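# Architecture at a glance
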Amino acid sequence: MTTQADRKSPLEKRGIDIKDLDWPVVVFIALTHLGAVFAFFPPFFSWSGVLVAVFLAWFTGSVGITLCYHRLLTHRSFKTPKWFEYVLAVVGCLNWQGGPIQWVGIHRIHHKHSDQEDDPHTPRHGFSWSHTFWCMHKHPEGQDAQGAAKDLLRDPVYRWIDKLFWLPQFILAAALFVAGHYLVGNGLSWLFWGLFVRTVVVYHGTWFVNSATHTWGYRNYETTDNSTNLWWVALLSFGEGWHNNHHAHQRSAAHGLRWYEIDITYWLIKGMSKVGLAWDIVVPDAKDLPQGRG
C-alpha cells in the first residue's frame, strides 16, 4: 500500500536526454511557441484571429482531448456512435499530442503508476519533466504505450488514425490560411492564431494537468497519489483540473463534483445525450460524492 510518505518522497529527477529526444516533436513544439510569440505583432495580429483561436482552443481542446481522448477513449465514461467516435478522434489529432492509441496508452500507464517510478509524467521526477520534458522523449512512459491501449490497437480505423495523426493539423493550417485570406484579407493572422497560439494554449492546459494538479490544490478524496483539484487548471483544460476527483472516480464523465467545480466538458456530454450522441454516462453514486466544504 502506498503511504503518505511514499507519495511525498522525491524520486530521481529527470531532465533532457539528448540521445532519446524525439526531434520532430521537439522541433514542432519549439516552432509552435515561436509562432505564438510572433502572432502578437503585425501583420499577424488581428481580433478575428483571436476569436478563431478561442473557438479552436475549445473545439480541439475540450472536444478533441478532454471529451474524446480522455473521457471517452481512455476511460469509456460514456458511449457514442462509432462513426462519431472516429470523428472525435480526428479532432483530437488536431492538437499535435500524438495519435489516440499513443495518448490513451500513456494516460492509462499514468493511472496505473500514478506518482510512482513508472509514471510517465509525475512531478516527483521534477516539475519541468512533468510539464513539458517528458513528451519530448521517444519513450517517456517506460512501458509499452500501445500495449496499454490494446482495445484501440485492435481497431483498424484507429490504427490508421494513429499513424496519420499529423495530417489533420496540416489540413487545418491550409484551411485557416485560405479562409482568413478570403474572409478578412489576412490569412497569416488566422494561421498564426488558429494554429500556433491555439496549439500552445491547449498544450499548456493539458500539461498543467500533469504538473500543477499533482503539486498544488485541494483534495476531496484521499487517493494513493498526489492528485489535487485546481480551479485555474480546470478553466484552462475545460474541466480536467478537478483532477483529484478524477483519480478517485476514474470512469466518471463528470470531473467537477461540487456545485462550484465548473466542468464544461461534462455539460457538453450531457448536451450530446439530449440529441442521442451520448448514453450510458458514468457518474459517481450520491453516497460517493465529496462531503462537507472541501
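Thresholds, definitions, all that
Residues numbered from 1 in each chain as written. Predicted model: local features only at pLDDT ≥ 70, side-chain atom pairs only at ≥ 80, totals over all residues. Heavy atoms only, no water. Helix = DSSP H or I, 4+ residues; strand = E, 2+ residues; numbered from the N terminus. Buried < 20%, exposed > 50% of the residue type's maximum accessible area, 1.4 Å probe, protein only. Lys, Arg positive; Asp, Glu negative; His and termini not counted. Salt bridge = Lys/Arg side-chain N within 4 Å of Asp/Glu carboxyl O. Polar contact = N/O pair within 3.5 Å; in protein donor to acceptor, adjacent residues only side chain to side chain. Contact = heavy atoms within 4.5 Å. 1 Å grid on protein atoms, 1.4 Å probe; cavity = no way out; pocket = protein on both sides within 12 Å on 5 of 7 lines; lining within 4 Å. Points joined across faces, edges and corners; volume = space filled by probe spheres on them. Nonpolar A, V, L, I, M, F, W, Y, C, P; charged D, E, K, R; others polar. Bend = angle between axes of the 7 residues up to and from the residue. Phe/Tyr/Trp six-rings, centres within 6.5 Å; stacked < 30°, edge-to-face > 60°. Axes fitted to C-alpha atoms, helices over the stretch in contact; angles between N-to-C directions. Parallel < 35°, antiparallel > 145°, perpendicular 65-115°, else oblique. Core = buried A, V, L, I, M, F, W, Y, C linked by side-chain atoms within 4.5 Å.

### So, the side chain of Arg198
Counting through the fold element by element, Arg198 comes out in helix H10 (residues 187–211). Here Arg198 is buried and forms no salt bridge, its nearest opposite-charge partner Glu240 lying at an N-O distance of 16 Å. A distance of 3.0 Å separates the side chain of Arg198 from the side chain of Gln169, its partner in a polar contact. Dropping the residues within four chain positions of it, Arg198 is found in contact with Ala53, Leu56, Ala57, Thr60, Leu94, Asn95, Gln169, Leu172 and Trp193.

### A few points about the layout of surface pockets
When its volume is computed, the largest pocket comes out at roughly 750 Å³. Lining the largest pocket are 42 residues, with Gln97, Gly98, Gln102, Trp103 and Trp134 positioned closest to its centre. At the level of elements, helix H2 (23–38), helix H3 (47–74), helix H5 (100–112) and H10 are the ones that each hand at least two residues to the lining of the largest pocket. With 8 residues, the top contributor of residues to the lining of the largest pocket is H10. For the lining of the largest pocket, the residue count by class is 19 nonpolar, 17 polar and 6 charged.

### Concerning H3
Approximately 40° is the largest bend angle found in H3, and it occurs at Cys68. The buried count for H3 comes to 21 of 28 residues, which makes it a mostly enclosed element. In the segment just after H3, Arg76 is the residue with positive phi, at about 50°.

### Section: the packing of aromatic side chains
Throughout the structure, instances matching the rule amount to 19 aromatic pairs. Consider the rings of Trp58 and Phe59, whose centres lie 6.2 Å apart with planes at 45°: the pair is tilted. In this structure Phe59 comes out as partly exposed when scored by relative accessible area, which is 28%. Seen in terms of ring centroids, Phe208 and Trp232 are 5.0 Å apart; in terms of plane orientation they differ by 80°. Their pairing is edge-to-face. You can see Phe208 sitting in helix H10 and its partner Trp232 sitting in helix H11 (residues 231–236), a full 24 residues away along the chain. Here Trp232 falls in the partly exposed class, since its relative accessible area comes to 28%. Site record: aromatic cluster; members linked through ring pairs are Phe28, Trp96, Phe165, Trp166 and Phe170.

### Describing the pattern of salt bridges
Per the stated rule, a full pass over the model turns up 10 salt bridges. Arg71 serves as the salt-bridge partner of Glu240, at 2.8 Å between the closest nitrogen and oxygen. Within this pair, whereas Glu240 is found in the loop between H11 and helix H12 (243–248), its partner Arg71 is found in helix H3, the two being separated by 169 residues in sequence. Note on Glu240: relative accessible area 8%, which makes it buried. A salt bridge links Lys82 to Glu85; the shortest N-O distance between them is 3.1 Å. With Lys82 and Glu85 both in helix H4 (residues 82–93), this residue pair falls 3 residues apart, about one helical turn. In this structure, a network of salt bridges that share partners links the residues Arg71, Glu240 and Asp263.

### Structural notes on the packing of H3 against helix H13 (residues 264–274)
Close contact between H3 and H13 brings their axes to 10 Å; oriented N to C, the two are set at 80°. On the basis of their axis angle, the class for H3 and H13 is roughly perpendicular. Residue-level contacts link Trp58, Ser62, Val63, Thr66, Leu67 and Arg71 of H3 to Ile264, Thr265, Tyr266, Leu268, Ile269 and Met272 of H13. Looking at the contact of H3 with H13, its residues break down into 8 nonpolar, 3 polar and 1 charged.

### Side note on the nonpolar core
Formed by 62 residues in total, the largest nonpolar core has its most connected members in Cys68, Tyr69, Leu73, Phe78, Leu88 and Tyr158. Within the residue set of this core, elements represented by two or more residues are H2, H3, H4, H5, helix H8 (156–163), helix H9 (167–184), H10 and H13. If one sorts the elements of this core by residue count, H3 sits on top with 11 residues. If sequence neighbours within four positions are ignored, Phe78 has contacts with Leu67, Arg71, Leu72, Ile269, Met272, Ala278, Trp279, Asp280 and Ile281.

### Regarding unusual backbone geometry
Note on backbone geometry: most residues besides glycine have negative phi, and most peptide bonds are trans. Of the consecutive residues Pro42 and Pro43, the connecting peptide bond is found in the cis state with omega at 0°. Its location among the elements puts Pro43 in the loop between H2 and H3. Despite not being glycine, Asp115 has its phi angle at roughly 60°, a positive value. Counting through the fold element by element, Asp115 comes out in the loop between H5 and helix H6 (127–131). Its identity as a non-glycine residue notwithstanding, Asp280 has a phi of 50°, on the positive side. Positionally, Asp280 belongs in the segment after H13. Its relative accessible area of 48% is what places Asp280 among the partly exposed residues.

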